[in-house]
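# Close look at the chain arrangement
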Amino acid sequence: MKDDVEGMSMSKMKLLYAGTSPYARKARMVVLEKGMTDEVEMVFCNPFDMPEQIRAANPLGKVPALIDRGRAIYDSPVICEYLDRAGGGPELLPSDGDARWEVLCRQALADGMLDAAYNIVMEKRREDSEQSAYWIERWWSGIFSAFDALQQDAAALEGRVDLGTIAVGAAIGYIDFRLPGSDWQQGRADLARWYEGFAARPAMKETDPAL
Ligand SMILES: N[C@@H](CCC(=O)N[C@@H](CS)C(=O)NCC(=O)O)C(=O)O
């Protein structure tokens, strides 16, 4: 159910999200992949229009934020793990062992790409004269280095739906949406093929930022 922040009901968990937020997209995908749509109410919030309401759930004023029985949970990796523990459905983050570290590292890589891409998007919204070409270049260089790492790791992504691949899907989706024309597929055919298949998942389609 979609609602606004004033109309929140008291029983379900509430996920404060913005439709174009890639961090919120991760959490929304976790809800969908785990079949938790009856347990989590989606509450649309624009962090730039309503920062005070969001600060009540996340002092940083950012989305996503989750509220469960009065408890506020943030940011996206914490929310995703919380939802994974709280819900039924497939386990998206292994509880221990090498598999857990692998998924967490992949999520960290994807979140780092997102942080860099988000910085570029925000920097480009400033006046031309105020933008730093040095930082934009540095952020892109980190993003492309991460794309290279994912291309090398592409075989390990195949057939997996977990917090790591969800984060990678959200990161690539955001870069394509906000920074089109990066041509990241060039020389990274395995990753491009994996992404094409992953992007066809219902949870990716339903959370497409272009919708
Ligand atoms: N590390 C945070 C990042 C969240 C974030 O930066 N969200 C953006 C929307 S994409 C936001 O709310 N920005 C508002 C602001 O920076 O004031 C997470 O993973 O949840």
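Being a predicted model, the structure only gives us computed values, none of them experimental.

What counts and how
Residues numbered from 1 in each chain as written. Predicted model: local features only at pLDDT ≥ 70, side-chain atom pairs only at ≥ 80, totals over all residues. Core = buried A, V, L, I, M, F, W, Y, C linked by C-beta atoms within 7 Å. Buried ≥ 20, exposed ≤ 12 C-beta atoms within 10 Å, placed from the backbone. Helix = DSSP H or I, 4+ residues; strand = E, 2+ residues; numbered from the N terminus. Domains from an automatic or database assignment. Contact = placed C-beta atoms within 7 Å. Nonpolar A, V, L, I, M, F, W, Y, C, P; charged D, E, K, R; others polar.

### What to know about the nonpolar core
Membership of the largest hydrophobic core comes to 56 residues, with the highest contact counts inside it found for L15, L16, A27 and A171. At nine residues, helix α7 (residues 163-178) tops the list of elements feeding residues into this core. Shared between two domains, this core holds at least three residues of each, these being domain 1 (2-86) and domain 2 (97-206). Among residues more than four places away in sequence, those in contact with A171 are P22, A110, M113 and L114.

### Notes on the domain arrangement of the protein
Domain boundaries assigned for the protein yield domain 1 (2-86) and domain 2 (97-206). Computed over C-alpha atoms, the centres of domain 1 and domain 2 are 22 Å apart. Residue-level contacts link 10 residues of domain 1 with 15 residues of domain 2. In terms of residue count, helix α1 (residues 22-33) provides more of the side of domain 1 that touches domain 2 than any other element does, eight residues in total. Residue composition of the side of domain 1 that touches domain 2, grouped by class: seven nonpolar, no polar and three charged.

### Some thoughts on the environment of Y174
Inspection of the secondary structure puts Y174 in helix α7. Overall, the presence of 22 C-beta atoms within 10 Å leaves Y174 in the buried class. Counting along the chain gives 60 residues from Y174 to L114, while the straight-line C-alpha distance between them is 7.5 Å.

### Concerning the environment of I136
With respect to the element layout, I136 can be found in helix α5 (residues 133-152). The spatial distance from the C-alpha of I136 to the C-alpha of S11 is 44 Å, given a sequence separation of 125 residues. Among all residues touching I136, those that are not within four sequence positions of it are I120, E123 and Q131.

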